[in-house]
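Fold and contact review
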Amino acid sequence: MTGLVLKLGPRERILINGAVIENGDRRSRLNIITPHANILRLKDAIHPHEVNTPVRRVCYVAQLVLSGDAEETEATRQLRTGISQLLAVLRDRDSQKNLQQALASVENGNFYRALKLLRGVLPREAQLLQMQSAP
């Protein structure tokens, strides 16, 4: 069986095709076997007022696809552009690896994995922004 496997903690919430679903009191595992279902872990969601950095902007586009609020073709175009711009700026090995894999995931229509990989770049971006704002 292929598909997405979600491991949920107690009371964790996810959005599946527009419906918010809350896990029970125990850890659980869900196997999502329907291709192209819109799925977003709400603990991973970036709120619109938090979209204030380049990496967060790209993450938000991927998130909009997963929540069903963006059309895949246009979002794919935006993600390609955004990730390519990030690849030109974030030159460390880990960021490059995550961004290249995120781009490949976008090309394969795997927006969940792309978002997960893009979120892995957020700590490096935060580090760089902190260094930039330091006196």
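Attention here is on the structure that accompanies the text. (Residues numbered from 1 in each chain as written. Predicted model: local features only at pLDDT ≥ 70, side-chain atom pairs only at ≥ 80, totals over all residues. Heavy atoms only, no water.)

A word on the sheet that holds strand β2 (residues 13-16)
- In space, the 3 strands of this open sheet follow the order β3-β2-β5, with antiparallel pairing throughout. Edge positions in the open sheet fall to β3 (19-22) and β5 (39-41), since each of these has one partner strand only. Strand-to-strand twist across the sheet, computed as the mean angle between neighbouring axes with direction ignored, equals 25°.
- Sheet topology places β2 next to β3; 4 bridges connect them, and they run antiparallel. Residue pairing for β3: leucine 15 is matched across the bridge by valine 20. (Pairing = 2+ DSSP bridges. Helix = DSSP H or I, 4+ residues; strand = E, 2+ residues; numbered from the N terminus. Axes fitted to C-alpha atoms, helices over the stretch in contact; angles between N-to-C directions.)

Section: helix α3 (residues 93-107)
- Compared with an ideal rise of 1.5 Å per residue, which puts 15 residues at 21 Å, α3 spans 21 Å between its outermost C-alpha atoms and is within 8% of the ideal.
- When α3 is considered as a whole, its buried residues turn out to be Ser95, Gln96, Asn98, Leu99, Ala102, Ser105 and Val106.
- On its buried face, α3 sits against α2 (72-89), α4 (111-119) and α5 (122-133).
- Glycine 109 sits one or two residues past α3 and shows a positive phi near 75°. (Expected span 1.5 Å × (residues − 1). Buried < 20%, exposed > 50% of the residue type's maximum accessible area, 1.4 Å probe, protein only. Contact = heavy atoms within 4.5 Å.)

So, the environment of alanine 70
- Structurally, alanine 70 is set in the loop between α1 (54-67) and α2.
- For the pair alanine 70 and leucine 128, spaced 58 residues apart in sequence, the C-alpha separation works out to 29 Å.
- Discounting chain neighbours no more than four positions away, the residues touching alanine 70 are Leu64, Val65 and Ala75.

Let's talk about the packing of α3 against α4
- Their axes nearest at 8 Å, the elements α3 and α4 cross at an angle of 165°. Taken as axis vectors, α3 and α4 run roughly antiparallel relative to one another. You can see that α3 and α4 cross each other, and the crossing is left-handed. Residues Asn98, Leu99, Gln101, Ala102, Ser105 and Val106 of α3 touch α4, and the partners they reach there are Phe111, Arg113, Ala114, Leu117 and Leu118. (Parallel < 35°, antiparallel > 145°, perpendicular 65-115°, else oblique. Left-handed = near helix turned anticlockwise from the far one by under 90°.)

Taken by themselves, the reported measurements are silent on function.
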